[in-house]
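Report on the structure
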Amino acid sequence: MRNLTPVILQAGLKEALTEGGIVEALCVEDAKKVLNVWQGTWRIQLRLGDQTALLVISRGLEPREFKTVTGLISFAVELGLTTVPVPLKKGEKATWTHDTAVEPIP
């Protein structure tokens, strides 16, 4: 098992997810519909055993934040997921694992 620092970059997150890590999408600002787009604020953290790490941007230690549901889902697809639960209320979180990836129904 790898040792985690309190922060992680996207490349490390993807690798840890394939090694059995659990990604959590945390809603930090309630989602609301603006025209045809759901907007809010979400952060991503990785859980691996009893360790956690917050996803940060590569240019600094600032948390990477997603401002739309579309952006959040696109990020999850880049991680290789096909089923993506999204929390919509502040304080809620959704768990993403490769176990939640399912084949689409024809």
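Now for a description of the structure that goes with this document. (Residues numbered from 1 in each chain as written. Predicted model: local features only at pLDDT ≥ 70, side-chain atom pairs only at ≥ 80, totals over all residues. Heavy atoms only, no water.)

Time to look at the overall build of the chain. When you go through the chain residue by residue, the secondary structure sums to two helices and six strands. Its helices and strands in sequence order give the chain the pattern β-α-β-β-β-β-α-β, from N to C terminus. Per-residue burial for the chain yields a buried fraction of 35% across its 106 residues. Sequence-distant contacts in the chain: of pairs separated by 6 or more residues, those separated by 24 or more amount to 54%. Element-wise, carbon and sulfur atoms account for 55% of the exposed surface of the chain, whose accessible area totals about 6,500 Å². (Helix = DSSP H or I, 4+ residues; strand = E, 2+ residues; numbered from the N terminus. Buried < 20%, exposed > 50% of the residue type's maximum accessible area, 1.4 Å probe, protein only. Contact = heavy atoms within 4.5 Å. Areas by Shrake-Rupley, 256 points an atom, 1.4 Å probe, with all protein chains shown as cover.)

Ranked by size, the top nonpolar core spans 23 residues in total, and within it L13, V23, W42, I44, F66, F75 and W96 carry the most contacts. If you list the elements that add at least two residues to this core, you get α1 (10-18), β2 (22-34), β3 (37-48), β4 (51-55), α2 (69-78) and β6 (93-96). (Core = buried A, V, L, I, M, F, W, Y, C linked by side-chain atoms within 4.5 Å.)

The backbone of L35 sits at a positive phi, close to 60 degrees, despite the residue not being glycine. Tracing the chain through its elements places L35 in the loop between β2 and β3. Since its relative accessible area comes to 77%, L35 is described here as exposed.

What follows covers the pattern of salt bridges. Scanning the entire structure with this criterion turns up four salt bridges. Two residues, K67 and E65, come together in a salt bridge whose shortest N-O distance is 3.5 Å. Using a relative accessible area of 46% as the deciding quantity, one classes K67 as partly exposed. A single salt-bridge network, built from bridges that share partners, covers E24, R47 and K93. (Salt bridge = Lys/Arg side-chain N within 4 Å of Asp/Glu carboxyl O.)

Before going further, it helps to examine α2. Along α2, the residues classified as buried are V69, L72, F75 and A76. Within α2, the buried residues cover an arc of 125 degrees as seen down the axis, which keeps them to one side. Structurally, α2 contributes buried residues whose contacts are with α1, β3, β4, β5 (65-68) and β6. Looking at the residues trailing α2, positive phi occurs at G80, about 100 degrees. (Arc of directions from axis to C-beta.)

Attention now goes to the environment of A11. Its location among the elements puts A11 in helix α1. The class for A11 is exposed, based on a relative accessible area of 62%. The sequence separation of A11 and L79 amounts to 68 residues, and the corresponding C-alpha distance is 9.3 Å.

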